[in-house]
Amino acid sequence: MKKVLGIFGLLVFICVATALMSDRFLTEFNIENLIRRSALFGILSIGAAFVIITAGIDLSIGSVVCLVGCLLPWMLVEHQFSVPLALLVVGLISLAIGLTHGLLITKVKLQPFVVTLCGLLFYRGLTRGIVQDQTQGFRGGFQGLRELSQGEVALPGTDFGIPNPCVILMVVAVLAIIFLNFTIYGRYMLALGRNETATRFSGINTDRMTILAYVICGMLSGLGGMLFVLDVGSAQPVDFGNFYELYAIAGAVLGGCSLRGGEGTIIGVIIGAAVMQVLKNTITLVDAIPTNIEYAVIGAVILGGVVTDELVKRYAARRRAAQQAKLDQ
Amino acid sequence: MTALTAEDELTAEDETPLLEVRHLTKRYAGVAALRDVSLAVTKGEVHAVIGENGAGKSTLMKILAGVQSQDDGEIVMDGQTITIGSVERALQYGIALIHQELNLADNLDVGANIFLGREPRRFGLIDFAKIAKESRCYLDMVGLDLDPTTIVSSLPVGVQQMVEIAKALSVDARVLIMDEPTSSLSRHETDALFRVIESLRSQGVTIIYISHRLGEIDQIADRVSVLRDGENAGHLTRDQISHDAMVELMVGRDISQFYARTEHPIGQGVLKVEQLRTEAWPQHSINLEVGAGEMVGLAGLVGAGRTELLRAIFGIDRTIAGRVEVDGQPISTLNARHAIEAGLAMVPEDRKQQGLILEMGIRANIGLPGLERNRIAGMFLNRTQQRSDSDRMIREMRIKAPNDAQEVQYLSGGNQQKVVIGKWLSMNPRVLLLDEPTRGVDIGAKQEIYRLMEELAEQGVAVLFVSSEMEEVLSMSDRVIVMHEGQITGQLNRSQLSEEAVMQLATGSRNLTREA
């Protein structure tokens, strides 16, 4: 919980600092847009968090976003699929991708990094092949469907509304929190991420839980891909979703997930994802920071975050050891 | 070696020790692993250091070999106080440690291993001719007629051990520390090792010999130092060395009290293993039975297939054939989940890797195997049950911790082992499998673990335990099953039990199943 407060403090600090340095930050348009982007990346980060908690990694998130983001308008516009059918297809594709990753990692015993790196290359290449490198868009149609991303839930009595992606994120987050903290399966994932062997020795089918984590990540990547393309209206297969896996992973790590596994909270991850988006926004809005050093700033902030986390952890470890030593004497 | 002969004359008369540790203290996270330990070894002696698991032997040896540093006390070599602190420095002083688990890069050849990190070079490239020539000389010293270009992994364990010794000699080791060198050697290989030790002793090399096999120590040691609970328990000179004297010092209390056995009836076979073939030893099928309330020891050398057998019974490793029954009910498919449902529990060999999730709290660890059984509405955690289970275990097992959320990594070895046992006791098992249950725990915790095992047996639980500690096997078992190279070579009941009888079966020099 302290960790969540820490990262939340960082988010508040960046927001306040940006608001002080730029009068464009606190405009209705900017805030709404920021919430929308943060929510979309938050969904991806939650997916990434599940695999990271099992001590895995998913590098294919961005390519899955691209695949789903291009195939959805391609099916709807080019091939006149009905909306439910197209949604079913992208859902099944996402499920199949997660399942394949999980099976390759647990049954064939390949490393997550390798499997999902191949996925990163494969799905993008596949997408570009299927749509022949042509930009896929809704061409002004499907406004009802696009409301999923573009619409908002009005807050009664005000002019403001909560962007729909944010509502979707909240639903996903609540389910994820319940799953991770209140079900035995969530506990299994945390346990196996820490120590797969000991978890297996406790009679738990760790393979099944690992596969489930990749399925969750695949599904959330697919959901993210769909919402992204509904938001912007078109997808260019060459670069749509490029590097999104890194934003997703960075958000999860900044939010308190350890790549060593077994650690992380959903709230933290959502805030971590938001920090990434606010930072990007800050760099764009604040004239004192040149836009071309964007990546350097993001990299430095993440590094600072994890170093602080490590130091705090070491301090806590020393305290606990001392506490125990007193007892053992 | 040549440098030593001159020194020889100097040290021979006055008997000043070659290496001495004085009042050594070492704490881990505040807990003392060694307290005020002193020890002196003279040139050319075989000095045995013995003690129960967790007595501090390995900590002492790690300090001497520079793997760790002491917190207090001094080390004196040739009359000079020295600071070791690193393996490189230890080697410079001529102190080399041969680990129980061999530390060879077994993908490389013998010569490469002997000169690893000190490769002679010519024009900047490795001088293979020189490696081959000098390797042969060191291999000669340990009585090995071996081509230095042989790949290490193709050699039997006993020979690998000799290579390790040759490697130590190649850095002019004056003090050679051997940690349980015979734990995976056959009788024949052990004899060969003893001949090498004899010859090294006559060349003036000092050997610090650590072993659980008191028979061996009786055979080769000049002096014995005994550690107990991180402290000096006593020293024995050659004429004082005897099995009983050593055990008395190691345990430091009445032995019959220490190994708490009571008479209780042994019931019907609870655990029945039939025709089981493990992947490790597919050519041998295993049959065994453990009765209700019976405590069966599984003895053998390291690598005899005991751990693999337990893992197969518990369904962690795949089996090729055979079946496991609990109370007459066969377990359908052997996997850990079904095994647990059938009433099996297993305390694994490697507590930190297999038994516990170190970064999780005591409560979470104890609750882990029962999450599924206690779940609410099909999938939700039963926190109340978890809390009451862990409270009960912490109380009954006297686990020392500030609270039940304390991460188990901060507990002492003994308390950690109690958590592992506790997590299974909360499942009320019918059969308890234990693999080296007292490895690395202090003597107090050890006694408590024995007490727990005994209590469970009294309640009718079938207990099958693997142990490499002879005293433990001899004292705790109602019956001992001995394994050698993947097969059971015999069973000994209490009246037939002796260290010799176990060792004969363990080293394969006798096979009761064939005799019968």
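From a predicted model like this one, the values you see are computed outputs, not experimental measurements.

Engineer: Sorry, what's going on with unusual backbone geometry here?
Structural biologist: What is expected of a backbone is that most residues other than glycine have negative phi and most peptide bonds are trans. Residues and elements named next belong to chain A. Phi is positive for Asp-133, which is not a glycine, with a value near 60°. As for its position among the elements, Asp-133 is in the loop between helix H5 (112–130) and strand E1 (136–137). Taking relative accessible area as the criterion, Asp-133 reaches 31% and is therefore assigned partly exposed.

Engineer: Whenever I open this one, the domain arrangement of chain B confuses me. Can you help?
Structural biologist: Quoted interface sizes are often the accessible area lost when the parts come together. All names here are of chain B. Assigned domains within chain B: domain 1 (2–94 + 172–252), domain 2 (103–170) and domain 3 (258–357 + 428–515). The C-alpha centroid of domain 2 is placed 25 Å from the C-alpha centroid of domain 1. Contacts between the two partners involve 14 residues from domain 1, matched on the other side by twelve residues from domain 2. Across the domain 1/domain 2 interface, buried area totals approximately 980 Å², and carbon plus sulfur atoms make up 66% of it. The tally of links between domain 1 and domain 2 comes to three residue pairs in polar contact (both at pLDDT 80 or more). Contributions of two or more residues to the side of domain 1 that touches domain 2 are made by strand E9 (175–179) and helix H7 (187–202). Sort the elements by how many residues they give to the side of domain 1 that touches domain 2 and H7 lands first, with six residues.

Engineer: Teacher, can you tell me more about helix H19 (residues 499–506) of chain B here?
Structural biologist: Helical periodicity: at 3.6 residues per turn, an α-helix aligns residues three or four positions apart in one direction. All names here are of chain B. Burial analysis of H19 places six of its eight residues in the buried class, the great majority of the element. Among the residues making up H19, those that are buried are Glu-499, Ala-501, Val-502, Met-503, Leu-505 and Ala-506. Downstream of H19 by one or two residues, Gly-508 has phi in the positive range, about 80°.

Engineer: Could you clarify how one ought to interpret the interface of chain A and chain B in this entry?
Structural biologist: At the interface, 30 residues of chain A touch 44 residues of chain B. Here chain A and chain B share an interface that buries about 3200 Å² over both sides, 57% of which is from carbon and sulfur atoms. On the chain A side of the contact with chain B, Arg-187, Phe-201 and Arg-320 of chain A bury the most area, a combined 23% of that side's loss. Inspection of the chain A/chain B interface yields one salt bridge. Of the charged contacts, one joins Glu-407 of chain B and Arg-320 of chain A as a salt bridge, the two residues approaching to 3.6 Å between their closest N and O atoms. At the surface where chain A touches chain B, the tally comes to ten residue pairs in polar contact (both at pLDDT 80 or more). Per-element tally for the side of chain A that touches chain B: the top contributor is helix H13 (residues 294–328) of chain A, with eight residues. A per-class count over the side of chain A that touches chain B returns 14 nonpolar, ten polar and six charged.

Engineer: Just checking my understanding: could you explain the sheet that holds strand E5 (residues 80–82) of chain B for this structure?
Structural biologist: Residues and elements named next belong to chain B. If you walk across this open sheet you meet the four strands as E2-E1-E4-E5, and the pairing is antiparallel. A single partner strand is all that each edge strand has here, and the edge strands are strand E2 (31–41) and E5. Ignoring strand direction, the axes of neighbouring strands in this sheet form an average angle of 30°. For strand E1 (residues 19–28) and E2, the ladder comprises seven bridges, and the chain directions are antiparallel. The residue bridging Leu-24 from the neighbouring strand is Val-37, located in E2. Sheet strands in contact with helix H2 (residues 57–64) are E1, E2 and strand E4 (72–77), and its direction is about 115° off that of E1.

Engineer: Is there a simple way to think about the nonpolar core in this case?
Structural biologist: Note that soluble globular proteins tend to have their nonpolar side chains buried in a common cluster. Counting 121 residues, the largest nonpolar core has Leu-176 and Leu-271 of chain B as its most contacted members. Per-element accounting of this core gives the leading share, eight residues, to helix H17 (residues 443–458) of chain B. With residues up to four places along the chain from it excluded, the contact list for Leu-176 of chain B reads Ala-96, Ile-98, Ile-165, Ala-168, Leu-200, Val-205, Thr-206, Ile-207 and Ile-208 of chain B. Formed by 96 residues, the second largest nonpolar core is a distinct cluster that contains Leu-11, Ile-57, Leu-71 and Ile-266 of chain A.

Engineer: Is there a simple way to explain a negative patch on the surface in this structure?
Structural biologist: Residue and element names in this part refer to chain A. Among the surface-exposed residues, Glu-28, Glu-147, Glu-152 and Asp-159 lie close enough to one another that they form a single negatively charged patch. Looking at the secondary structure, you find Glu-28 in helix H2 (residues 28–53). Classification of Glu-28 by relative accessible area gives partly exposed; the value is 41%.

Engineer: Sorry if this is basic, but what is going on with the pairing of strand E20 (residues 462–466) of chain B here?
Structural biologist: Strand residues, when the strand is regular, have side chains that alternate between the two faces of the sheet. Residue and element names in this part refer to chain B. Of all five residues making up E20, five are buried, and the element is well covered by its neighbours. Note that strand E19 (residues 431–435) and E20 share five bridges and pair parallel. Pairing of Val-431 across the sheet is with Ala-462, part of E20. For the segment spanning E19, H17 and E20, crossover handedness is right-handed.

Engineer: It is not clear to me how the side chain of Arg-311 of chain B should be interpreted in this structure. Could you clarify?
Structural biologist: With respect to the secondary-structure elements, Arg-311 of chain B resides in helix H11 (residues 306–313). On the accessibility criterion, Arg-311 of chain B (18% relative accessible area) is buried. Here Arg-311 of chain B is in contact with Phe-201 of chain A together with Ile-316, Asp-317, Met-346 and Gln-354 of chain B, once residues within four sequence places are set aside.

Engineer: Can you help me understand the pattern of salt bridges in this one?
Structural biologist: A side chain of one charge can pair with a side chain of the opposite charge when the charged atoms of the two come close. All names here are of chain B. Throughout the structure, instances matching the rule amount to 39 salt bridges over all chains. The partner of Arg-323 in a salt bridge is Glu-274, with the nearest N and O atoms 3.2 Å apart. In this pair, Arg-323 is assigned in strand E16 (residues 319–326) and Glu-274 in strand E13 (residues 269–278), connecting sequence segments 49 residues apart. Looking at Arg-323, the relative accessible area reads 39%, which means it is partly exposed. Its salt-bridge partner being Glu-372, residue Arg-337 comes within 3.3 Å of it at the nearest N-O pair.

About the criteria used
Note on numbering: residues in each chain are counted from 1, in written sequence order. Ligands are numbered from 1 and chains lettered from A, in the order in which they are written. Reporting in this predicted model follows two pLDDT cut-offs: at least 70 for local features of residues, and 80 or more for side-chain atom pairs to be given and counted; totals over whole chains, interfaces and linings ignore these cut-offs and use all residues. With hydrogens and water excluded, all non-hydrogen atoms of the structure serve as input to the side-chain values. Every helix listed is a DSSP run of H or I at least four residues long, and every strand listed is a run of E at least two residues long, numbered separately from the N terminus. Residue burial is assigned from relative accessible area. The probe radius is 1.4 Å, only protein chains are included, and a residue is buried under 20% of its type maximum, exposed over 50%, and partly exposed in between. An automatic or database domain assignment supplies the residue ranges for each domain. Only heavy atoms matter for contacts: two residues are in contact if any of them lie within 4.5 Å across the pair. By convention, the term buried area covers the 1.4 Å-probe accessible surface removed from two parts as they join, with the contributions of both added. N or O atoms within 3.5 Å of each other form a polar contact, as long as, within protein, one can give a hydrogen and the other can take it, and as long as residues adjacent in sequence are counted only when both atoms are side-chain atoms. Any Lys or Arg side-chain nitrogen found within 4 Å of a carboxyl oxygen on Asp or Glu counts as a salt bridge. When residues are sorted by character, Ala, Val, Leu, Ile, Met, Phe, Trp, Tyr, Cys and Pro go into the nonpolar class, Asp, Glu, Lys and Arg into the charged class, and all the rest, Gly among them, into the polar class. When DSSP finds at least two bridges between two strands, those strands are taken to pair. The axes used here are C-alpha line fits, helices contributing only the stretch in contact, and every angle between their N-to-C directions lies in the interval 0 to 180 degrees. Within this scheme, the nonpolar core is defined by two criteria: the residues are buried Ala, Val, Leu, Ile, Met, Phe, Trp, Tyr or Cys, and they are joined through side-chain atoms within 4.5 Å. Patch membership requires more than 30% relative accessible area and the absence of a salt bridge. Residues of like charge join within 9 Å; the nonpolar side chains Val, Leu, Ile, Met, Phe, Trp and Tyr join within 5 Å. Computed with a 1.4 Å probe, the accessible areas rest on the Shrake-Rupley method; for each residue, only the protein chains presented here act as cover. Charge counting treats Lys and Arg as positive and Asp and Glu as negative, with His and both chain ends excluded. Charged groups are reduced to one reference atom each: NZ for lysine, CZ for arginine, CG for aspartic acid, CD for glutamic acid. When the strands point away from the viewer, a crossover counts as right-handed if the path from the first strand over the helix to the second runs clockwise.

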